[in-house]
Amino acid sequence: MVSLVCKIFFHVEKDSRMTAEKISAEIGLSPAAVQKRLKKLKDNGVIRAEVALLDPKKMGHPMTVIAEISLERENLNVLDGFKKRMRQAEEVQQCYYTTGEADFILVLLVRDIQHYEQFTREYFFGNTAVSKFKTNIVMDSVKVGMSIPIHTS
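These numbers come from a predicted model, not from an experiment.

Quick notes on the overall build of the chain
Thought 1: Across its full length, the chain holds five helices and four strands.
Thought 2: Its helices and strands taken in sequence order, the chain reads α-α-α-β-α-β-β-α-β from the N to the C terminus.
Thought 3: Radius of gyration (C-alpha) of the chain: 20 Å, far over the 15 Å computed for a compact globule of 153 residues.
Thought 4: Structurally, the chain occupies a C-alpha span of about 60 × 35 × 25 Å along its principal axes.
Thought 5: A burial count over the chain gives 29% of its 153 residues as buried.
Thought 6: Put simply, 61% of the contacts in the chain that link residues at least 6 apart link residues at least 24 apart.
Thought 7: On the chain, roughly 11000 Å² of surface is accessible, and the fraction owed to carbon and sulfur atoms is 53%.
Thought 8: Taking the 22 positively charged and 19 negatively charged side chains of the chain as two groups, their mean positions are separated by 7 Å.

Some thoughts on the side chain of Thr120
Thought 1: Checked against the element boundaries, Thr120 lands in helix H5 (residues 113-125).
Thought 2: Every residue in contact with Thr120, bar those within four places of it in the chain, is listed here: Phe125, Gly126 and Phe133.

As for the nonpolar core
A general feature of soluble globular proteins is that nonpolar side chains tend to end up buried together.
Thought 1: In terms of nonpolar packing, the biggest core is built from 20 residues, with Ile69, Phe119 and Phe124 touching the most fellow members.
Thought 2: Counting residues per element, the ones that place at least two in this core are strand E1 (63-71), helix H4 (76-88), strand E3 (104-110) and H5.
Thought 3: For Phe124, the contacting residues outside a window of four places in its chain are Ala67, Ile69, Phe82, Leu106, Tyr116, Phe119, Val130 and Phe133.
Thought 4: Of all hydrophobic cores here, the second largest spans eleven residues; its members include Ile8, Val12, Ile23 and Leu38.

Some words on the environment of Glu74
Thought 1: Looking at the element boundaries, Glu74 is found in the loop between E1 and H4.
Thought 2: Judged by relative accessible area, Glu74 falls into the partly exposed class, the value being 48%.
Thought 3: It is 36 Å that separates the C-alpha atoms of Glu74 and Lys57, two residues lying 17 residues apart in sequence.
Thought 4: Apart from residues no more than four positions distant in its own chain, Glu74 is found in contact with Leu79, Tyr97 and Asp103.

Reading guide: rules and limits
- Residues numbered from 1 in each chain as written.
- Predicted model: local features only at pLDDT ≥ 70, side-chain atom pairs only at ≥ 80, totals over all residues.
- Heavy atoms only, no water.
- Helix = DSSP H or I, 4+ residues; strand = E, 2+ residues; numbered from the N terminus.
- Rg over C-alpha atoms; globule rule 2.2 N^0.38 Å.
- Buried < 20%, exposed > 50% of the residue type's maximum accessible area, 1.4 Å probe, protein only.
- Contact = heavy atoms within 4.5 Å.
- Areas by Shrake-Rupley, 256 points an atom, 1.4 Å probe, with all protein chains shown as cover.
- Lys, Arg positive; Asp, Glu negative; His and termini not counted.
- Charge placed at Lys NZ, Arg CZ, Asp CG, Glu CD.
- Core = buried A, V, L, I, M, F, W, Y, C linked by side-chain atoms within 4.5 Å.

Spelled out as structure tokens, the structure:
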């Protein structure tokens, strides 16, 4: 049996602007009960944000770059400093601290290769803690999403 909350998640994740009335019609729960559950999920931080997904190409950032970064040394100050800089860099869409060959994997949106070169000069070459980085230019976004699999059947 799938919980009503999972059914709510399924609809909200697809379209966060879907009204409680429409969700209630889909899952067989009153609009007031849907609103109550949504409020609780927001208050508890389960629903972290409701955002608009903009088209990067139409917003002037048609190039996606995936970069693997290795740091010279791993101490807390270096790690925390790098994380802080990546959080502040508007080009960085996603930043992951990872195991394996690279210490960090970044997903960046840039205008063009010159914009990326400028980024590397500021954040990689200009950072003595960065020992090396590897760049992958995305040729085609086959699948992009942030939704979590929710099974409603």
